[in-house]
Amino acid sequence: MDALLLKGVEFRYSAKTPRVLSIPVMSVAAGEKVFLFGPSGSGKTTLLGLIGGLFLPNSGEITVLGQSISQMSHGARDRFRAQEIGFIFQVFNLVSYLSVQDNVTLPCKFGRRVSAGFATAAEEAQFLLEKLGVGELVGKNISDLSIGQQQRVAAARALIGSPGIIIADEPTSALDEEARAGFLNVLFAQAKREGSSILFVSHDRGMAPQFDRSLALSSINTVNTPQTTPLITPLTGEFK
Amino acid sequence: MKQIMILAIRSLWHRRIPTVLTIISISMSVALFVGVDKIREATRDAFGGAISKVDLIVGPRTGTISLLLFSVFHVGSPTHNITLKALEFAAAQPEVAWVVPFSLGDGFHGASVVGTTPEFFEHYKYRDGTSMVYSLGHVFSGDSEAVIGSDVAEKQHLALGDKMVLSHGHTEDGDGFEKHEDHPFTVTGVLAVTGTPIDKSVFVTLGGLGEIHREIGADTPHADDHHEDSGHDDPQHEGEHHEQGSFREENGKLIATSVSGFFLGAKNRMDSLNLQRTLNTWDGDALLAILPGMAMGELWKNLSIFETAMSLISFCVVVAGMLGLFVSLYILSGQRQREMTVLRAVGAGPVTIFTMLAGEAVCLVIGGIGVGTGVMYGGLYLLRPWIEKKFSISFPISGVSRSDIMFAAILLGVGCVAGVLASFNSYRAAMREGLATRF
Ligand SMILES: Nc1ncnc2c1ncn2[C@@H]1O[C@H](COP(=O)(O)OP(=O)(O)OP(=O)(O)O)[C@@H](O)[C@H]1O
Ligand SMILES: [Mg+2]
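Trainee: For the overall build of chain B, give the residues involved together with the corresponding values.
Mentor: Each helix and strand counted, chain B has 13 helices and 17 strands in total. Counting every position in chain B, which comprises 439 residues, the buried fraction comes to 51%. For chain B, restricting intrachain contacts to residue pairs at least 6 apart in sequence, the fraction spanning at least 24 positions comes to 77%. On chain B, roughly 19900 Å² of surface is accessible, and the fraction owed to carbon and sulfur atoms is 63%.

Trainee: Could you give an account of the overall build of chain A, naming the residues involved and the relevant values?
Mentor: The helix and strand inventory of chain A stands at eight helices and nine strands. Among the 240 residues that make up chain A, the fraction classed as buried is 55%. Pairs at least 24 residues apart make up 73% of the contacts formed inside chain A by residues separated by at least 6 positions. As displayed, chain A offers around 10100 Å² of accessible surface, 52% of which is attributable to carbon and sulfur atoms.

Trainee: Tell me about the environment of B:H80, residues and numbers included.
Mentor: By the element assignment, B:H80 lies in the loop between α3 (64–72) and β2 (82–83). Looking at B:H80, the relative accessible area reads 27%, which means it is partly exposed.

Trainee: Describe the sheet that holds strand β1 (residues 2–11) of chain A, listing the residues and the values that go with them.
Mentor: Residues and elements named next belong to chain A. Strand order in the open sheet formed by four strands is β2-β1-β4-β5, with antiparallel pairing between adjacent strands. Single-partner strands in this sheet number two, and they are β2 (21–29) and β5 (67–68). As judged from the five bridges shared by β1 and strand β4 (residues 59–64), these two strands associate in the antiparallel manner. Bridge pairing links L4 to V64 in β4. Contacts between helix α1 (residues 44–51) and the sheet are confined to β1, β2 and β4, with β1 contributing the most and set at about 115° to the helix.

Trainee: If you had to explain helix α9 (residues 272–280) of chain B to someone new, which residues and values would you point to?
Mentor: Where α9(B) is concerned, the buried positions are B:S272, B:L275, B:Q276 and B:L279. Buried residues along α9(B) cover an arc of 105° about the axis, so they all sit on one side.

Trainee: Explain the interface of chain A and chain B to me, using residue names and the numbers behind them.
Mentor: In this assembly, 27 residues from chain A lie in contact with 27 residues from chain B. The contact between chain A and chain B buries some 2500 Å² in all, and 66% of this surface belongs to carbon and sulfur atoms. The largest contributions to the chain A side of the interface with chain B come from A:L54, A:Y97 and A:F110, which together make up 29% of the buried area. There are two salt bridges connecting chain A and chain B. A:D102 is the partner of B:R10 in a salt bridge, and the nearest nitrogen-oxygen pair spans 2.8 Å. Taken together, the connections running from chain A to chain B amount to five residue pairs in polar contact (both at pLDDT 80 or more). For the side of chain A that touches chain B, the elements supplying multiple residues, two or more each, are α1, α2 (74–84) and α4 (106–109) of chain A. Considered class by class, the residues forming the side of chain A that touches chain B number 17 nonpolar, four polar and six charged.

Trainee: Talk me through a nonpolar patch on the surface; I want residue IDs and the actual numbers.
Mentor: A surface patch of nonpolar side chains, about 500 Å² in accessible area, is lined by B:I17, B:V20, B:L21, B:I24 and B:M28. Locating B:I24 in the fold gives a position in helix α2 (residues 16–48).

Trainee: Which residues make up the nonpolar core, and what values go with them?
Mentor: Core analysis: the largest hydrophobic core is formed by 52 residues, its most contacted members being A:L4, A:L6, A:M26, A:L47, A:L199 and B:L343. For this core, the element with the highest residue contribution is β1(A), accounting for five residues. Those residues in contact with A:L47 that sit more than four places away from it in its chain are A:L6, A:L21, A:I23, A:M26, A:L36 and A:L217.

Trainee: I'd like a rundown of the pattern of salt bridges, residues and numbers included.
Mentor: Tallied over the entire structure, the rule returns eleven salt bridges over all chains. Taking the shortest distance from any N to any O, the salt bridge between A:R81 and A:D78 comes out at 2.6 Å. Linking A:R81 with A:D78, this pair stays in helix α2, spanning three residues, or about one helical turn. A:R81 sits in the buried class, given a relative accessible area of 0%. Taking relative accessible area as the criterion, A:D78 reaches 9% and is therefore assigned buried. Measuring nitrogen to oxygen at the nearest pair gives 3.2 Å for the salt bridge that ties B:D55 to B:R269. With a gap of 214 residues between them, B:D55 in the loop between α2 and β1 (56–60) and B:R269 in the loop between β16 (261–266) and α9 connect regions that are remote in the sequence. Salt bridges linked by common partners bring A:D78, A:R81 and B:R344 together as one network.

Trainee: Outline the packing of aromatic side chains, supporting the account with residue identities and numerical values.
Mentor: Applying the stated criterion across every chain yields a total of 24 aromatic pairs over all chains. Taking the centre distance of 5.6 Å and the plane angle of 75° together, the rings of A:Y13 and A:F55 count as edge-to-face. Here A:F55 lies in the loop between α1 and β4 and A:Y13 lies in the loop between β1 and β2, a separation of 42 residues in the sequence. For A:F55, a relative accessible area of 12% corresponds to the buried category. When the ring centre of B:W13 is taken as origin, the NZ or CZ atom of B:R16, which lies over that ring, is 4.4 Å away.

Conventions adopted
Residues numbered from 1 in each chain as written. Chains lettered and ligands numbered in written order. Predicted model: local features only at pLDDT ≥ 70, side-chain atom pairs only at ≥ 80, totals over all residues. Heavy atoms only, no water. Helix = DSSP H or I, 4+ residues; strand = E, 2+ residues; numbered from the N terminus. Buried < 20%, exposed > 50% of the residue type's maximum accessible area, 1.4 Å probe, protein only. Contact = heavy atoms within 4.5 Å. Areas by Shrake-Rupley, 256 points an atom, 1.4 Å probe, with all protein chains shown as cover. Pairing = 2+ DSSP bridges. Axes fitted to C-alpha atoms, helices over the stretch in contact; angles between N-to-C directions. Arc of directions from axis to C-beta. Buried area = accessible area lost by both parts, 1.4 Å probe. Salt bridge = Lys/Arg side-chain N within 4 Å of Asp/Glu carboxyl O. Polar contact = N/O pair within 3.5 Å; in protein donor to acceptor, adjacent residues only side chain to side chain. Nonpolar A, V, L, I, M, F, W, Y, C, P; charged D, E, K, R; others polar. Patch = residues over 30% accessible without salt bridge, like charges linked within 9 Å, V, L, I, M, F, W, Y side chains within 5 Å. Core = buried A, V, L, I, M, F, W, Y, C linked by side-chain atoms within 4.5 Å. Phe/Tyr/Trp six-rings, centres within 6.5 Å; stacked < 30°, edge-to-face > 60°. Lys NZ or Arg CZ within 6 Å of the ring centre and 35° of its normal.

Right, dumping it as structure tokens:
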């Protein structure tokens, strides 16, 4: 079974704006690690939002772990996202007024179940944080963390409860090369343990070989985006 | 639901400084509003409570409000007197239970001197029929005795048995034009605090009042004629236009022949209107009889412009407070964009997000209203003794009335609408923005 399957998906943000995405077909196999890349503004983040069910395509079907997202009720879609999709963003992943532990266990408050072998969400959070090398941070405030530490905490949150898919939107662009390699290693190891698929978006093509497959958005999206050459090298992220 | 509450409270706690500032700004506006309202209520009570159980106030034909003002509040002075014949006429009416004459116009260090009869203390009540009580002593029994209000006793350091010299005429510094050293009065009674103009009054007999004027010569004792103003040749008196009644001498004692007016009690309250008509249409003196309650109502109508302005201003302050809440939430909504995205990504639904944002806003409003009302009541409670002393008005702090609850409900409603509208902005943005990182 594919972890993710898109068929004939079309999307525009509003009637007045041009189409952003038109994807005849796209799939990610269970446990597969996919590296997705494309120029800035081509619609990568938009695609992740669609897969997460934050908004619905204008037409077409998105199936995640065998369930059609567009056929779910609003409530069911939110619960499904909580249970099966782990998100990691570039920066500002965490809720600043919650502790590290509360951030990691946040999905569990919205319906994600704790992985087998753990009695409580706190227990699994501690386990994941230790695996990610930040176990000592569990009681700290988010504002006291470095960006690299924040990204690991975000990874722990994405991984808790073994969701079917981890969706990462440029999670490493704020990290230095060493931290990036370490981050990817633990992310991969944990995802492998839990059998989660990974859909990873980055401008940094250097990381692509570590993934099972590399996917250019332009190869699946039939909407032509203007080929803008970024003025800033993508390493520093997407400061618009 | 519990999760949402916890999130909302954590979020407020995290931003505790702006949260507290917002609550303070709302509470200040609410406190002002409540304060103005309470002060208005208390003033109304204090004014309205200045006279009670008197069915008619009768005086020379002036205006309703001016008669009320000078007879009860000792503001302004009568331009004419009424004859004792009028008093006798009124007392002879079968419906009349009692009449108590009074003469006004003299001052004593800012207090007014009231010439009256001992029955005054029996019949004249204040605040819903409360009788005056003597904190010390008893009523005057002779023409050189005086009963003084609590405020006079305190300010002039007068005690029972002290001698006091009253002056002729009412002036700012209360010293009058001439002092009547020859006729000092002995304090026989000190009244307890009433919170009415009684506290700032000195009561003497009508004859005693006459004694004050005995030495003035030409214009005292006054002729038994209420159109005698032209007879004044003392320019000072001319300008002052005050009358304290007129007197005739009998066996060395002064007997009043005219007075400033009188208070009247009917046997049956229902007869007040009839009596009023009878007195107003009497073909002797030109009399004006007024019903204290109605006159008070008319006075309020005249003051209501001021009141309305006060209310309006305080209402505007509340609106400004709510606008402030709206603005701060609105600005905050931009900053909280990312937090909303994260919450959405971990599975928080629109209802959850909206409930959380609106819940925070409602917490701020409730907090503001609660603190504001609390501070105002607490403050009034603490300041009450001072206010009562300073302005010698009774300052009752009424409990929470239905109108208070209504007002709180309206404020809460307005605040919640402002908060929810502002939150709705963040909510919509959270829904629309998806996952894009925007700074
Ligand atoms: N909330 C939104 N409303 C309207 N248009 C949007 C919104 N978010 C993105 N877009 C538009 O959709 C297009 C794709 O944006 P998206 O953020 O998906 O690009 P991206 O591939 O993630 O780019 P980047 O590499 O810079 O992150 C852009 O043209 C963008 O202007
Ligand atoms: Mg993007």
